[in-house]
Amino acid sequence: METVARQNFDAGKRPAITIRGLMKTFAGSPLYNGLDLDIPKGRFISVFGPNGCGKSTLINLISGLIPTDGGEILFDGRGVADVTIGYVFQNYRDALFPWMSARDNIDYPLKVRGWDAARRQRRVDELIAQFEVGFDLKRRPFELSGGQQQLVSILRALAPEPEVMFLDEPFSALDYEMTLFIREKLQTVFEQTGVTMLLVSHDLEEAVYLADHVLLLTKRPTQVADIIDFAAPRPRNDATLSAPDFVATKARSLAIFQREVRR
Amino acid sequence: MSRLASWAQAGLRQPFWVGPLLIFAVWWLAAAGQWISPKLLPDPVSTLAALWTSVTDGSLAGDFAGTLGRTLAAFAVAAVLGVPTGVVLGSDTRIYRSLEFAIDFFRSTPATAMFPLFLLIFGIGEESKVGVAAFSAWLVIVFNVAYGVMNARPTRILAARVMGASRARIFRDVMFFESLPQTCVGLRLGVSYALVVIIVAEMFIGSANGMGRRIIDAQQIFDLRQMYASIIATGCLGYGLNLLFLSIERRFLDWSGR
């Protein structure tokens, strides 16, 4: 059965992010040459594609970490500077501030936004309760395990109640046990907050497991190869991984991925 | 367990005493066996006795204080002028690149080669000695602070930027802390450089007191015990300053490199 590849998300809902004519060139060769994309609000989107296709670059361009060479990216009509976003880096060790306690790390973006002390304390306490943080946040990041550090990173990104969360391979520096732990925490975050999530992943299983939509990219110059929906109910668990729906979605995504790699 | 036994155990676990004991033993053997002429090497016991006498009769105190005071004065000047300069250089690669050659050139020039110039500018008083030492320490502080600021981890800066922090805020909250470990290295090297230059200056520019003056005076009158005793005292001063800076670093910058 051959289905037509989708070049964009369904435009039925008002999108969280609108990308038009995105251009980015690295060392003279175009990475993005006029990409159009509407990212739906309140959905979990996993970005997957061949090596060097610019998965991370895409979320870095959208989040304003690196400048675009052309095109327009709007968050419901506003530029990125006017929007509260959260970003979780691959390498939590380099992203957290080791001179502050874990709690002060989570608190820092609230300080930057000028919240008063009482409101900040309420918000951090709320996060700790919501995500059942069981370790001592008075300790500094390097005194915590890798998984605990990445959880602190996620809470820090989540603290100022962002409209969009960007996650750049947040599991790749973790061992398998910690990956499972953070994956479940991330699912809880999404269920409880409904924040729009953009996850870059190099592991198709986790990409599909967490996603409402898998965004598959082509080789450079990068375009959308296809968008695959995965509608399994949440909370998803180990049983999800062997459900026929999951296996079929993963197989279909893999087929498109391999077609793009060979192209 | 008795206190003595627990000390003995600690001494075996961290045998820091082996080095000094070895030096003492070799020195004693060399002196006793006259491997080296007694005209050049007195025995260690009488040398340490001379050091003890200088400490207890107070004759060492003035020279020790003089050198320590000059070194700290030179270091203070160098730190106060060097840290801000390093921060400015490090925060803008264009400024750094345009001054890199000048800094590297003067860093490669022995500071002691500048003595005549500083004598011309400041005269033969304290200012010229402290001036050269401060100049020498200033260069190493500037270089290390600039290096520390330039090598702040980019991810941490990006993390603060994506939270909406302003440039000034990123500088104060992230780059400042990121540069602290390297700044401390610069300050520790700076105080060592200042001591070296001060000792040489006291020897050859001339000085009313100071360990450099004390060492060269002992040599002139061939009081070898006193000369070695003063060298050891100067070594203790340098070691003590280094230890002080290291312990400050360990206490306050234990997150460095994490």
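Now for a quick tour of the structure. All values reported here derive from a predicted model rather than from experimental measurement. The residue count restarts for each chain, going from 1 along the sequence in the order it is written. Starting at A for chains and at 1 for ligands, labels are handed out in the order in which the entities are written. Only residues with pLDDT of at least 70 get local features here, since the model is predicted, and only at 80 or more are side-chain atom pairs given and counted; chain-wide, interface and lining totals rely on the full set of residues. As a rule here, side-chain values cover all heavy atoms of the structure and leave hydrogens and water aside.

Concerning the interface of chain B and chain A
How big an interface is tends to be stated in terms of the accessible area lost upon association of its parts.
And step 1. The criterion used for residue contact is that any of the two residues' heavy atoms lie within 4.5 Å. Taken together, the contacts link 20 residues of chain B with 21 residues of chain A.
And step 2. With both sides pooled, the region where chain B packs onto chain A buries about 2000 Å², and carbon together with sulfur makes up 64% of that total.
And step 3. On the chain B side of the contact with chain A, Arg156(B), Val162(B) and Met163(B) bury the most area, a combined 33% of that side's loss.
And step 4. Salt bridge criterion: a side-chain nitrogen from Lys or Arg within 4 Å of a carboxyl oxygen from Asp or Glu. Counting across the interface, chain B meets chain A through two salt bridges.
And step 5. One salt bridge connects Asp94(A) with Arg153(B), and the closest N-O pair in it is separated by 2.5 Å.
And step 6. Polar contact criterion, stated in full: a pair of N or O atoms within 3.5 Å, where within protein one must be able to donate a hydrogen and the other to accept it, and residues adjacent in sequence count only if both atoms are side-chain atoms. The interface formed by chain B and chain A holds nine residue pairs in polar contact (both at pLDDT 80 or more) in total.
And step 7. Only DSSP runs of H or I covering at least 4 residues are called helices, and only runs of E covering at least 2 are called strands; the numbering of each starts at the N terminus. Of all the elements in the fold, those that place two or more residues in the side of chain B that touches chain A are α8 (154-162) and α9 (167-204) of chain B.
And step 8. Of all the elements, α8(B) adds the most residues to the side of chain B that touches chain A, at seven residues. Note on terms: buried area is the combined drop in 1.4 Å-probe accessible area of two parts once they are placed together, counting the loss on both.

Some words on the side chain of Gln150(A)
Residue and element names in this part refer to chain A.
And step 1. When you line up the elements, Gln150 lands in helix α5 (residues 146-158).
And step 2. Of the polar contacts made by the side chain of Gln150, one reaches the backbone oxygen of Pro170; its length is 3.0 Å.
And step 3. Not counting chain neighbours up to four residues away, the residues in contact with Gln150 comprise Val88, Phe89, Gln90, Tyr92, Pro170, Leu174 and Ile182.

Overview of the pairing of strand β8 (residues 213-217) of chain A
All names here are of chain A.
And step 1. Classification of residues uses two cut-offs on accessible area relative to the type maximum, computed with a 1.4 Å probe and protein chains only: under 20% is buried, over 50% is exposed, and between them is partly exposed. Counting buried positions along β8 yields five of five residues, so the element is predominantly enclosed.
And step 2. Along β8, one buried face is formed by His213, Leu215 and Leu217 and the opposite face, lined by Val214 and Leu216, is buried too.
And step 3. Strands are labelled as partners when DSSP assigns at least two bridges between them. Sheet analysis places strand β3 (residues 44-48) next to β8, joined by four bridges and oriented parallel. In the strand pairing of β8, Ile45 is matched with His213.
And step 4. Where β8 and strand β9 (residues 224-229) come together, five bridges link them in antiparallel fashion. Bridged to Leu215 within β9 is Ile227.
And step 5. Once β8 ends, the chain turns through six residues before running back antiparallel as β9.

Some details on α8(B)
Residue and element names in this part refer to chain B.
And step 1. When we look at burial in α8, the residues that qualify are Thr155, Arg156, Ala159, Ala160 and Val162. Taken end-on, α8 shows its buried residues confined to a sector of 165 degrees, consistent with a single buried face.
And step 2. Positive backbone phi, approximately 95 degrees, marks Gly164, located one or two places after α8. The arc in question is the one spanned by the directions pointing from the helix axis to the C-beta atoms.

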